[in-house]
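# Reading the structure
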Amino acid sequence: MDRLMDVEEVAERLGTTVRFPRRLIEERRIEYVKVGRHVRIRESVVEAYMAANTVQPRRSARVLRAVA
């Protein structure tokens, strides 16, 4: 079973302020669990969010030439 993280832990994991995960929750861009009035996010959901939003570097086929 996944560990449930509070908003502060998610913010620390993402390297952001608490405001960012709260916005993700408000906009329903991330899955969350309501435990009474508390909001918790599964660790696997945070990992999936990071994987889905990871941008791979682009490999350029052309060579840049120096301008004289």
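You'll find the structure just up there.
These notes cover the structure that comes with them. Just so it is clear, the model here is predicted, and its values are computed rather than measured.

Definitions and cut-offs
Residues numbered from 1 in each chain as written. Predicted model: local features only at pLDDT ≥ 70, side-chain atom pairs only at ≥ 80, totals over all residues. Heavy atoms only, no water. Helix = DSSP H or I, 4+ residues; strand = E, 2+ residues; numbered from the N terminus. Buried < 20%, exposed > 50% of the residue type's maximum accessible area, 1.4 Å probe, protein only. Areas by Shrake-Rupley, 256 points an atom, 1.4 Å probe, with all protein chains shown as cover. Arc of directions from axis to C-beta. Contact = heavy atoms within 4.5 Å. Pairing = 2+ DSSP bridges. Axes fitted to C-alpha atoms, helices over the stretch in contact; angles between N-to-C directions. Left-handed = near helix turned anticlockwise from the far one by under 90°. Nonpolar A, V, L, I, M, F, W, Y, C, P; charged D, E, K, R; others polar. Salt bridge = Lys/Arg side-chain N within 4 Å of Asp/Glu carboxyl O.

## Considerations on the overall build of the protein
Tallying secondary structure elements over the protein gives three helices and three strands in all. Ordered by position from N to C terminus, the α and β elements of the protein give β-α-α-β-β-α. Taking all 68 residues of the protein together, the buried fraction comes to 18%. If you sum the accessible surface of the protein, you get close to 6,100 Å²; carbon and sulfur atoms cover 49% of it.

## Thoughts on helix H2 (residues 19–26)
Each turn of an α-helix holds 3.6 residues, which means side chains three or four residues apart point in the same direction. Of the residues making up H2, those classed as buried are Pro21, Leu24 and Ile25. Angular distribution of buried residues about the axis of H2 spans 100°; they occupy a single face of the element. Relative to its buried face, H2 has exposed residues pointing more than 90 degrees away, namely Arg19 and Glu26. Among the structural elements, helix H1 (7–14), strand S3 (38–42) and helix H3 (43–52) are those in contact with the buried residues of H2. Within two residues after H2, Arg28 carries a phi angle of roughly 55°, on the positive side.

## Structural notes on the sheet that holds S3
On the basis of which strands lie adjacent, the open sheet formed by three strands has the order S1-S3-S2 and antiparallel pairing. Each edge of the open sheet carries a strand with a single partner, namely strand S1 (4–5) and strand S2 (33–35). By the bridge criterion, three bridges tie S2 to S3 in an arrangement that is antiparallel. Paired with Val33 across the strands is Arg40, a residue of S3. Its contacts with the sheet put H3 on S1 and S3, and the angle it makes with S3 is roughly 60°.

## Points about the packing of H1 against H3
H3 packs onto H1 with a crossing angle of 35° between their chain directions and a minimal axis gap of 11 Å. Pair H1 / H3 crosses with right-handed handedness. On H3, the residues touching Val10, Arg13 and Leu14 of H1 are Val46, Glu47 and Met50. Within the contact of H1 with H3, the residues separate by chemical class into four nonpolar, no polar and two charged.

## Quick notes on the pattern of salt bridges
Summed over all chains, the structure comprises seven salt bridges. Close ionic contact of Arg23 with Glu27 constitutes a salt bridge, the shortest N to O distance being 3.9 Å. Exposure remark for Arg23: the relative accessible area of 39% places this residue in the partly exposed category. Accessibility expressed as a relative area gives 41% for Glu27, which makes it partly exposed. Note that Arg29 and Glu27 form a salt bridge whose closest N and O atoms lie 3.0 Å from each other. Three or more residues are tied together by salt bridges with common partners; here these are Arg3, Glu9 and Glu43.

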